[in-house]
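# Observations on the model geometry
Here is how the chains run, residue by residue.
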Amino acid sequence: MKKNPSLESLQKKILKLEQEAAKNRELENQFKESEKTYRHIFEHSPVMVYRSNYRGYILDINKAGVHILGYKNRKEIIGMEASRFLYANPDDRRRFQKNINKTGFLRDFETRFRRKDGKIIDVQVTSTARRGKKGKIEGYEGFILDITRRKQAERALLESEKKYRTVAESSLTGIFIHQKKRYCYVNRRLAEMLGYDSPEEIIGKSFWTIVHPDSRPLVKERGLRRENADFLPDHYSFRAIKKDGSSLWCELRATRSTYLGEPAVIGNFIDITQSKIAEEEIRQLSRRIIQAGEKERKRIAADLHDEFGQTLTSLHFDLEAMQKSLPAAFIKEKGKCAGLISKVENLADVLRKTISHLRPDLLDHIGLISALEWYIKEFNQQRPEIKINFQTVGFKKRLSQEIETALYRIGTECLANIKKHANATAVDIILTYSYPWAIFVIRDNGRGYRTTTEGLPLRNTSRGIGLMSMMERAASLHGKIDISSAPRRGTTIRGEIPLL
């Protein structure tokens, strides 16, 4: 039996319709599932999710958006015109629309919204344009983040940075940050101090660019100690080079720190050129005063030797002659003459010691070491309980008269202080010739004392006067004296005088 062609065609159409219907039902189920998933994401997203039409009327918004904007429910917001009720500045809505219409997508657009209570919040918008069938933009949808806290922190940071930048740029001292062997920040004062037109001329340069060759050994030594976290004075001075090649004296204060997460050195420079000039003038004045004092000592010693010495010698001879001229029966008178002769001899001995104290002949004729050995011998005769160990290193020729006099005076002043105050039983003295320095170290095991930052006694002002005179004498020759002491730990005095 033959099949009816029309029936067969009808069955095929019915089968095709059933298949399309099944497919449509599957797509409808997928769409519903997708819509359900979208709605779940939409409702439970922690950030604001919204949909609006082209004119900016809100079509939909999630719970997070309602909460962020301070409303009770979605109904209060839906239908609201964003440019009038949400944007703190309506111009931002126009700027948003202009930018998103160009590409159809806008990321991280920052603006400010007004909440229901009138409070202004900072937000960040990421949106896409929603197009119709003909490609015309019908509206927008996307995510909005509340970035109020971040913006507040940024504004606080900017305000803080502005404040500190104002302080740094208005500072009377030169401020810098040095990192990876280069300047990465320099304030205007430092640029002006070094003769540059702007800080940018220094940024990127090596630190050594501004250090005078004569000061580089000192600065290098201090820098290495800072890198090794060794003890270091919080400031020191050195000569710097200006842009035009001239030099100035500056005081550096620096500390290790971090900058942008990397190790750095932060510090400042103070121009102390005028102070150095004044110090040099004071040093020269002190030097002339000391030289005048030594010259006067020498003159007085010579006068005492010539005038008083000759007078005492003549008196001694006259008394001896008188004693011899008296008859043998005048025993009492001869005894008085003998007593007078003894007093004249004692007076001559006192005069000799006074002259030696004022200006020992050994210092002029034989030199520093012999003069100190003589003084130590005299010292031991008076204080035999104090054992003195005197050593010299490297002395093959004599020093200048001025330096020898300074070292002699420093040494004798130290021993005089030990005799008066230290209650010591042992003293070590080391005198070293180490070109270009003459170094004097004297150490006792006495009672010691509490010191000031300069090493002077904290309370015993009379002892401090002698130490200060030693410091001034060394400073007048561009030298220095360091003093360290502590109660019951003795005292160490170290002096350095340049030989140049």
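Everything below is about the structure printed above this text.
What counts as what
Residues numbered from 1 in each chain as written. Predicted model: local features only at pLDDT ≥ 70, side-chain atom pairs only at ≥ 80, totals over all residues. Heavy atoms only, no water. Pairing = 2+ DSSP bridges. Helix = DSSP H or I, 4+ residues; strand = E, 2+ residues; numbered from the N terminus. Axes fitted to C-alpha atoms, helices over the stretch in contact; angles between N-to-C directions. Contact = heavy atoms within 4.5 Å. Salt bridge = Lys/Arg side-chain N within 4 Å of Asp/Glu carboxyl O. Buried < 20%, exposed > 50% of the residue type's maximum accessible area, 1.4 Å probe, protein only. Polar contact = N/O pair within 3.5 Å; in protein donor to acceptor, adjacent residues only side chain to side chain. Core = buried A, V, L, I, M, F, W, Y, C linked by side-chain atoms within 4.5 Å. Phe/Tyr/Trp six-rings, centres within 6.5 Å; stacked < 30°, edge-to-face > 60°. Lys NZ or Arg CZ within 6 Å of the ring centre and 35° of its normal.

## Notes on the sheet that holds strand β13 (residues 437-444)
Sheet architecture is open: five strands sit in the order β11-β12-β13-β15-β14, paired in mixed fashion. Looking along the sheet, the strands with just one partner apiece sit at the ends: β11 (387-393) and β14 (480-485). On average, adjacent strands in this sheet sit at an angle of 10 degrees to one another, irrespective of strand direction. Where β13 meets strand β15 (residues 491-498), eight bridges bridge the pair, whose relative direction is antiparallel. When the sheet's bridge partners are listed, tryptophan 437 is paired in β15 with proline 498. Strands in contact with helix α11 (residues 368-382) are β11, β12 (426-434) and β13; relative to β11, the strand with the most contacts, it is inclined by about 175 degrees.

## Section: the pattern of salt bridges
Evaluated as defined, the whole model comprises 21 salt bridges. We note a salt bridge from lysine 151 to glutamate 154, for which the minimum N-O separation is 3.3 Å. Taken together, the residues span about one helical turn, with lysine 151 and glutamate 154 both in helix α5 (residues 148-170) at a distance of three residues. For the salt bridge of arginine 494 with glutamate 496, the shortest nitrogen-to-oxygen distance reads 2.1 Å. Judged by its relative accessible area of 13%, glutamate 496 is buried. Within the structure, one salt-bridge network assembled from shared partners comprises Glu110, Arg150, Lys151 and Glu154.

## Looking at the pairing of strand β9 (residues 247-259)
Bridge analysis of strand β8 (residues 235-241) against β9 gives seven bridges, and the strand direction is antiparallel. Paired with histidine 235 across the bridge in β9 is arginine 253. What sits between the antiparallel neighbours β8 and β9 is a turn of five residues, in which glycine 245 has the positive phi angle 95 degrees. Across 10 bridges, β9 lies against strand β10 (residues 262-271) in antiparallel orientation. Its bridge partner being in β10, threonine 255 is matched across the sheet by isoleucine 266. Once β9 ends, the chain turns through two residues before running back antiparallel as β10, passing leucine 260 with a positive phi of about 55 degrees.

## Structural notes on the environment of threonine 111
Here threonine 111 shows up in strand β3 (residues 105-114). According to the relative accessible area criterion, threonine 111 is buried, its value standing at 4%. Linking threonine 111 and isoleucine 121, residues 10 residues apart in sequence, is a C-alpha distance of 8.7 Å. Residue contacts for threonine 111: discarding those within four places in its chain leaves Tyr87, Asp92, Ile121, Asp122, Val123 and Val125. At 2.7 Å, the side chain of threonine 111 and the side chain of aspartate 92 are in polar contact.

## Focus on the nonpolar core
Counting 40 residues, the largest nonpolar core has Leu407, Leu415, Ile429 and Ile442 as the members making the most contacts within it. Looking at this core, the elements that each hand over two or more residues are α11, β11, α12 (401-422), β12, β13, α13 (461-475), β14 and β15. Among the elements that take part in this core, α12 stands out by supplying nine residues, more than any other.

## Here we look at the environment of threonine 166
For threonine 166, the position within the fold is in helix α5. In this structure threonine 166 comes out as partly exposed when scored by relative accessible area, which is 46%. For threonine 166 and serine 314, which are 148 residues apart along the polypeptide, the C-alpha to C-alpha distance reads 83 Å.

## Considerations on the packing of aromatic side chains
By the definition in use, this model includes 12 aromatic pairs. Between tyrosine 87 and phenylalanine 113, the ring centres sit 5.1 Å apart and the planes meet at 75 degrees, which makes this aromatic pair edge-to-face. Of the two residues, tyrosine 87 is situated in the loop between α3 (82-85) and α4 (90-103) and phenylalanine 113 in strand β3; the sequence distance between them amounts to 26 residues. Looking at tyrosine 87, the relative accessible area reads 5%, which means it is buried. Assessed through its relative accessible area of 3%, phenylalanine 113 is described here as buried. Geometrically, the ring pair formed by phenylalanine 176 and tyrosine 183 is edge-to-face, given 5.7 Å between the ring centres and 85 degrees between the ring planes. The class of phenylalanine 176 is buried, set by a relative accessible area of 2%. One aromatic cluster in this structure is built from Phe176, Tyr183, Phe207, Trp208, Tyr236, Phe238 and Phe269. Positioned over the ring face of tryptophan 249 is lysine 276, at 4.5 Å from the centre of the ring.

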